[in-house]
Amino acid sequence: MLLQDMTWPEVRRLDVGEMVVILPTGSFEQHGPHLPFTVDTDLVSAVAQGVERNLPTQILLLPTLSVGMSTHHNAFPGTLDIPQDTYMRMIRDLAASISRMHARKLFILNGHGGNDVPIRAAMREIKSEHPDLRTVFASYWQIASDPIKKIRTSEMGGLGHACELETSLMLHLHPNRVRMDLAKRDGPPYQDPLRKADMQLPRPIYFVNEFHEISQSGVVGHPDLATPEKGQQFLTAIIQSVTNFVQQFLTWEKELKSHVDVDEHR
């Protein structure tokens, strides 16, 4: 169900406590010379809408939060940034609104890497402020890591920002907004795994860069390998992976209760 299409009496009649409320989070930031500012918001919205279509009676889908924490992109004109402290406060305030609907399960489905740290920090406060609201968080490329790995054709370093993945998805969803003639490879030149950049390469150390320090064009990865056919494959696989998770999330408390009931009757 789409919250944006409903009225307040309809929401009041819903048993929101038996549903998963999905809050998609995107950004409005530069994506190189070949993609528009809305890429993260466009893509996470498409994923969330696909999941809602698969589970329409079990999901309450909220509008996408379309501006994110993009401080690291501020050197590129046009980027809109919500600083980290403000973004954390916004996530906490939205959780309060969701809790007032008597929701018990909130899934923050993320489409922008910069949102990761502030959302995780906000979740610690949400847990204390709304103990009955089970909140989980994941970026769509993390949930769908295995199928993405099978579809990609770039080596490590090819998936990062305005890359093979994001450009392929945009070619499939919004081809008229992609300038493939301007899609060029860029990103940090490092080969060692401690500094090499790829969304599928976990690094054992954490550090912070401004984006212009690692990319002159604003691209990290290999957008030249993008195709609309890959985009369709990526999107189908991502939607299915996220759907599978939501179906599991729906059962979490039920599984816990069943274990408790068994223990009580032993």
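Remember, it's a predicted structure, so these values are computed and weren't measured experimentally.

> What is the right way to look at the sheet that holds strand E1 (residues 20-25) in this model?
Spatially, the four strands line up as an open sheet ordered E2-E1-E3-E4, and their pairing is parallel. Each of the sheet's edge strands pairs with one partner strand only, and the pair in question is strand E2 (59-61) and strand E4 (134-139). On average, adjacent strands in this sheet sit at an angle of 25° to one another, irrespective of strand direction. Note: strand E3 (residues 105-110) against E4, six bridges, orientation parallel. Pairing of leucine 106 across the sheet is with threonine 135, part of E4. Across the sheet, helix H3 (residues 84-100) is in contact with E1 and E3; its angle to E1 comes to roughly 155°.

> Would you explain unusual backbone geometry in this entry?
Residues apart from glycine generally show negative phi values, whereas peptide bonds are mostly found in trans. Even without a glycine there, the phi angle at histidine 102 is positive, about 70°. Here histidine 102 is to be found in the loop between H3 and E3. Residue histidine 102 is classed as exposed on the basis of its relative accessible area, which comes to 63%. A positive phi is found at alanine 162, a non-glycine position, where the angle reads about 55°. Relative to the assigned elements, alanine 162 resides in the loop between helix H6 (145-151) and helix H7 (164-173). Alanine 162 gets classed as buried once you look at its relative accessible area, which sits at 0%.

> Help me out: how do you make sense of H7 in this one?
Counting along an α-helix, one turn takes 3.6 residues, and residues three or four places apart therefore face a common direction. For H7, a buried count of eight out of 10 residues is recorded, marking the element as mostly surrounded by other parts of the structure. Listed as buried for H7 are Glu164, Leu165, Glu166, Thr167, Ser168, Leu169, Met170 and Leu171.

> Can you help me understand the packing of H3 against helix H4 (residues 116-129) in this one?
Between two packed helices, the angle of one axis relative to the other and the distance separating the axes together describe the packing. With their axes 9 Å apart at the nearest point, H3 and H4 run at an angle of 40° to one another. For the element pair H3 / H4, the angle class is oblique. Between H3 and H4 the crossing geometry is right-handed. Taken together, the residues of H4 that come into contact with H3 (itself represented by Gln84, Tyr87, Met88, Ile91, Arg92 and Ala95) are Val117, Pro118, Ile119, Ala121, Ala122, Glu125, Ile126 and Glu129.

What counts as what
- Residues numbered from 1 in each chain as written.
- Predicted model: local features only at pLDDT ≥ 70, side-chain atom pairs only at ≥ 80, totals over all residues.
- Heavy atoms only, no water.
- Pairing = 2+ DSSP bridges.
- Helix = DSSP H or I, 4+ residues; strand = E, 2+ residues; numbered from the N terminus.
- Axes fitted to C-alpha atoms, helices over the stretch in contact; angles between N-to-C directions.
- Contact = heavy atoms within 4.5 Å.
- Buried < 20%, exposed > 50% of the residue type's maximum accessible area, 1.4 Å probe, protein only.
- Parallel < 35°, antiparallel > 145°, perpendicular 65-115°, else oblique.
- Left-handed = near helix turned anticlockwise from the far one by under 90°.

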